[in-house]
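Below, each chain spelled out in residue letters.
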Amino acid sequence: MRIAQIAPLAEAVPPKLYGGTERVIWWLTEELVELGHDVTLYASGDSETSARLVPCSEQGLRLAGIDNHLAYTLAMVDRVLAEADRYDILHFHVDFVHFPLFRHLAGHCFTTLHGRLDLPDFRPGFTAFPEMQLVSISDDQRRPVADANFAATIHHGLPETLIPAGPGGDYLAFLGRISPEKRPDRAIEIARRTGLPLKLAAKVDNADRAYFEEKIKPLLDDPLVEFVGEINDSQKPAFLGNARALLFPIDWPEPFGLVMIEAMAAGTPTIAWRSGSTPEVIDHGRSGYLVTSIEEAVQAVQETTALSRVGVRNCFEQRFTARRMALDYVALFEDALQREGGRTRPPFLLAG
């Protein structure tokens, strides 16, 4: 198949630091190429890929200091439209912005929604463009708009060799963003109650700067708590693999939670609040524990010593590899083409 992947421009693909969506797009793109498909990636110019890259900004916009991404995204979407006849499938990762321009190509378009869908702001987009085919990243994510045109739920996956199983250690890990919905304060409280060190590897967005300064920074003055800051992919294997457990104490309907399967790949169990996607991702008692309170989390930390790190890694290999993710998308795309009457578009030959 000739497949276009249309990425957000906030981060490079793969991202230099934080950026779960762009990281998933990279893994998916590389697997599709490995499977023999002709893939084009529309992304920032500093992206790296085995696919054909169409640069739509000089670099990832966040690290370039550009806050408003709409104009760049619209220009990219317009370019995709101009080149749409090159592809059998157009796979978007930019929320709703392309819907008005591509509704006449809806049978060849899929949009994977990477964020929360429980806010009323989004419903008009589903109502106005019911023909656009959607992919959710968990069943729970789609629950608030269950009547929208969801073609499939496809859980994320990551390459099997990306994060090897680690030996474990004597500290608790928190990896992600410092924000109210991620509840790093809960992680700090769990560490204090268990007496185990906590390492916080997290970025602080400008939008969450006041929360960090007012609510979290005062809690860092504790010998058990180490604020590591934002880390990159090369640092993750050691950070996760040497941890006793990952704390995922969220307070919102998490659409997926990539860090849970990153920890799973490292053989590190996750202690997660039972919210959003976590019951779909964590096999309770095998790859970690689902909890609803600080008290349950403290108890779960003690119980992690009974979990086999090999067993945790096996859960990852069985359910959350990038190859499984790519094959799920391939099946979805092939089914769509069959419904559309096959590949009716002639092959596009690049000039020169």
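What counts and what doesn't
Residues numbered from 1 in each chain as written. Predicted model: local features only at pLDDT ≥ 70, side-chain atom pairs only at ≥ 80, totals over all residues. Heavy atoms only, no water. Helix = DSSP H or I, 4+ residues; strand = E, 2+ residues; numbered from the N terminus. Rg over C-alpha atoms; globule rule 2.2 N^0.38 Å. Buried < 20%, exposed > 50% of the residue type's maximum accessible area, 1.4 Å probe, protein only. Contact = heavy atoms within 4.5 Å. Areas by Shrake-Rupley, 256 points an atom, 1.4 Å probe, with all protein chains shown as cover. Lys, Arg positive; Asp, Glu negative; His and termini not counted. Charge placed at Lys NZ, Arg CZ, Asp CG, Glu CD. Core = buried A, V, L, I, M, F, W, Y, C linked by side-chain atoms within 4.5 Å. Expected span 1.5 Å × (residues − 1). Pairing = 2+ DSSP bridges. Axes fitted to C-alpha atoms, helices over the stretch in contact; angles between N-to-C directions.

What follows concerns the overall build of the protein chain. Scanning the protein chain for helices and strands turns up 13 helices and 13 strands. Here the C-alpha atoms of the protein chain give a radius of gyration of 21 Å, agreeing with the 20 Å that 2.2 N^0.38 yields for 352 residues. Viewed in the frame of its principal axes, the protein chain has a C-alpha envelope of about 65 × 40 × 40 Å. Expressed as a percentage of the 352 residues in the protein chain, the buried residues total 57%. Excluding contacts between residues fewer than 6 apart, the proportion of contacts in the protein chain whose partners are at least 24 apart in sequence is 67%. Accessible surface for the protein chain amounts to roughly 14400 Å². Of this, 50% is attributable to carbon and sulfur atoms. Within the protein chain, one finds 35 positive and 48 negative side-chain charges whose respective centroids are separated by 1 Å.

Here the focus is the nonpolar core. Counting residues in hydrophobic clusters, the biggest one holds 83 residues, and the most contacted among them are Leu 172, Leu 198 and Met 264. With nine residues, helix H13 (residues 322–339) is the largest single contributor of residues to this core. Residues in contact with Leu 198, not counting those within four places in the same chain, are Leu 172, Ala 173, Phe 174, Ala 187, Ile 188, Ala 191, Leu 224, Val 225, Glu 226 and Leu 247. Counting 30 residues, the second largest nonpolar core, distinct from the first, contains Cys 56, Leu 90, Phe 102 and Ala 106.

So, about H13. The end-to-end C-alpha distance of H13, which contains 18 residues, comes to 26 Å, matching closely the 26 Å that a straight helix rising 1.5 Å per residue would cover. Of the residues making up H13, those classed as buried are Ala 322, Arg 324, Met 325, Ala 326, Tyr 329, Val 330, Leu 332, Phe 333, Ala 336 and Leu 337. Trailing H13 by a residue or two, Gly 341 shows a phi angle of about 90°, which is positive.

The six strands lie next to each other as S10-S9-S8-S11-S12-S13, forming an open sheet whose pairing is parallel. Strands at the two margins of the open sheet, each flanked by one partner only, are strand S10 (225–227) and strand S13 (288–291). Each adjacent strand pair in this sheet contributes to an overall mean axis angle of 20°, direction not counted. Two strands pair when backbone bridges link them, and strand S8 (residues 172–177) and strand S11 (residues 245–248) are joined in this way by two bridges, in the parallel orientation. Bridge pairing in S11 places Leu 172 opposite Ala 245.

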